[in-house]
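# Coordinate inspection notes
One-letter residues, chain by chain:
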Amino acid sequence: MLHKLEPQSPDALLALIKLFAEDERADKIDLGVGVYRTDDGATPVFRAIKQAEAKLLEEQDSKSYLGPEGDTDFVDALVPYIFGADLAADRIAGMQTPGGTGAVRLAVALAQKAGVTRVHLGVPSWPNHKQILDDVGLETVTFPHATPDGDADLEAVLTAIRNGGEGDAVLLHACCHNPTGVEYTQDQWDRIAAALADSPVLPIIDSAYQGLGQGLEEDAAGLRTVLARVPEALVAYSCDKNFGLYRDRVGAFFVQAADGSDLPAIMSNANALARANWSMPPDHGGAAVRVVLRDEGMTREWHDELDSMRTRLRSVRDRLAAADNEVPGLDLQQLGRQNGLFGMLALTPDQIAAMRKDHAVYMAGSGRINIAGLTRGNVEKFIAALADVTA
Ligand code: PMP
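Just so it is clear, the model here is predicted, and its values are computed rather than measured.

### Some thoughts on the pairing of strand E6 (residues 202-207)
Here is the key point about a regular strand: its side chains alternate between the two faces of the sheet. By the criterion of burial, E6 is predominantly enclosed, with 6 of the 6 residues buried. Of the two faces of E6, the one lined by Leu202, Ile204 and Asp206 and the one lined by Pro203, Ile205 and Ser207 are each fully buried. Sheet analysis places strand E5 (residues 168-173) next to E6, joined by 5 bridges and oriented parallel. Looking at E6, one finds that His173 is bridged to Asp206. Regarding topology, helix H7 (residues 186-197) serves as the crossover connection from E5 to the parallel E6, and that connection is right-handed.

Okay, structure coming up:
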């Protein structure tokens with residue numbers, strides 16, 4: 001019976017990693033995988049996390065089961081960062097999940113259980129969004145996320161929300177949009193929140209990069225704007241980028257209910273879904289984040305680390321934007337206005353292939369680049385390669 005299974009196409013980015021590893025050119029550049037890199041090209045464990053792990057090693061006295069909700073102190077420690085000081089605390093509850101992916105999965109599965117059948121999604125998006133929606137059995141309705149000029153397509157998202165009805169949800173990126181880097185401005189978030197306030201469409205907000213865009217508070221402003229205007233919303237959160245915990249799979253799912261008295265029933269459904277999917281989230285990374293956030297010194301260290309990551313990403317973006325006239329065939333200026341780890345280059349498939357073949361520059365077939373893959377040591381080579389393939 002198992003022989004009937006059709007082979008699935010491999011994940012394109014994972015295939016790219018393999019090609020990159022096999023390339024023997026010393027000056028090869030990896031702009032594929034979505035992880036932060038230092039100016040030396042490393043993806044180190046955060047200093048704050050190292051300290052927290054040392055403390056855990058010393059103090060942790062049990063690895064007994066916790067439960068589907070995971071480490072509730074970890075979840076509580078995230079709340080002020082995500083929801084801010086004006087949160088509707090009595091209407092919000094959360095639980096730990098295996099990464100932001102688990103949180104997205106839980107959010108859409110719960111939405112479906114509550115009666116959602118269609119999800120509006122700005123495209124391009126993180127490819128796993130559509131894959132998860134398909135797997136859960138929800139219909140995806142797409143709208144363009146960005147305009148060709150590299151700004152957000154506000155009218156498209158507003159139209160999706162205004163035309164949506166009961167049983168519809170909209171999946172929004174809180175900040176640092178993957179793959180475009182195109183965020184909504186505060187004014188645009190205000191208009192999106194106003195449209196959602198007048199609509200039965202359920203907002204599902206995916207926050208996977210808080211602190212990597214414009215700052216911890218700034219990157220949460222859009223999410224908070226929406227939550228202040230709508231009765232109900234779901235939030236999927238990842239700590240894998242902003243604590244550098246990628247493989248430890250650290251995330252959380254939150255719900256804002258119309259009324260606090262709805263929370264126990266809602267969370268009992270989320271618990272049941274978690275139990276059937278993964279039973280419980282892995283503990284270690286969430287425990288380390290909890291230790292960091294409960295300690296002033298480690299928290300300060302974490303803020304400093306995030307600040308320097310953001311500053312580095314900004315300086316790479318500024319260099320690329322300034323190279324706009326060196327690459328006449330492309331609009332590089334827009335990268336300077338955008339935020340986070342990613343940006344899209346309007347290259348043809350042939351040009352992307354030439355980047356790889358002629359210049360050992362590895363980027364996704366969509367034209368997405370990981371800004372953090374560029375360093376002082378390779379950014380000039382990258383700009384020259386772009387000028388060459390677009391000439
Ligand atoms: N949402 C978006 C938009 C992402 O880009 C990612 C990570 N690529 C995730 C969620 C999931 O992150 P995690 O690694 O924590 O599962």
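### Focus on the pairing of strand E4 (residues 139-144)
In this sheet, E4 lies alongside strand E3 (residues 118-123) in parallel orientation, the contact comprising 6 bridges. Opposite Arg118, over in E4, you have Glu139 as the bridge partner. Regarding the hand of the β-α-β motif, the stretch spanning E3, helix H5 (residues 127-136) and E4 is right-handed.

### Describing the environment of Met267
Within the secondary structure, Met267 sits in helix H9 (residues 263-277). Residues within four places of Met267 in sequence aside, it is in contact with Ala93, Gly94, Met95, Phe253 and Val255.

### Regarding the site of the ligand
If you check the shell around the ligand, you find 13 residues, and the closest are Thr101, Asp206, Tyr209, Asp240 and Arg249. The separation between an oxygen atom of the ligand and a polar side-chain atom of Asp240 is 2.4 Å. Between the ligand and Lys241 there is a distance of 3.1 Å, counted from a nitrogen atom to a side-chain nitrogen or oxygen. Its free accessible area being 400 Å², the ligand has 90% of it covered by the protein chains. Here the ligand occupies the largest pocket. If you tally residues by element for the shell around the ligand, the top one is helix H4 (residues 99-113), at 3 residues.

### So, the packing of aromatic side chains
Applying the stated criterion across every chain, the model contains 6 aromatic pairs. For the pair Tyr81 and Trp302, a centre-to-centre distance of 5.3 Å together with 75° between the ring planes defines the contact as edge-to-face. Within this pair, whereas Tyr81 is found in helix H3 (residues 72-83), its partner Trp302 is found in helix H11 (residues 296-322), the two being separated by 221 residues in sequence. Judged by relative accessible area, Tyr81 falls into the buried class, the value being 17%. By way of ring pairs, the aromatic residues Tyr81, Phe243 and Trp302 are connected into one cluster.

Each value, and the rule that gives it
Residues numbered from 1 in each chain as written. Predicted model: local features only at pLDDT ≥ 70, side-chain atom pairs only at ≥ 80, totals over all residues. Heavy atoms only, no water. Buried < 20%, exposed > 50% of the residue type's maximum accessible area, 1.4 Å probe, protein only. Helix = DSSP H or I, 4+ residues; strand = E, 2+ residues; numbered from the N terminus. Pairing = 2+ DSSP bridges. Right-handed = clockwise from strand over helix to strand, strands pointing away. Contact = heavy atoms within 4.5 Å. Near = heavy atom within 4 Å. Polar contact = N/O pair within 3.5 Å; in protein donor to acceptor, adjacent residues only side chain to side chain. Areas by Shrake-Rupley, 256 points an atom, 1.4 Å probe, with all protein chains shown as cover. 1 Å grid on protein atoms, 1.4 Å probe; cavity = no way out; pocket = protein on both sides within 12 Å on 5 of 7 lines; lining within 4 Å. Sits in = over half its atoms within 2 Å of the grid points. Phe/Tyr/Trp six-rings, centres within 6.5 Å; stacked < 30°, edge-to-face > 60°.

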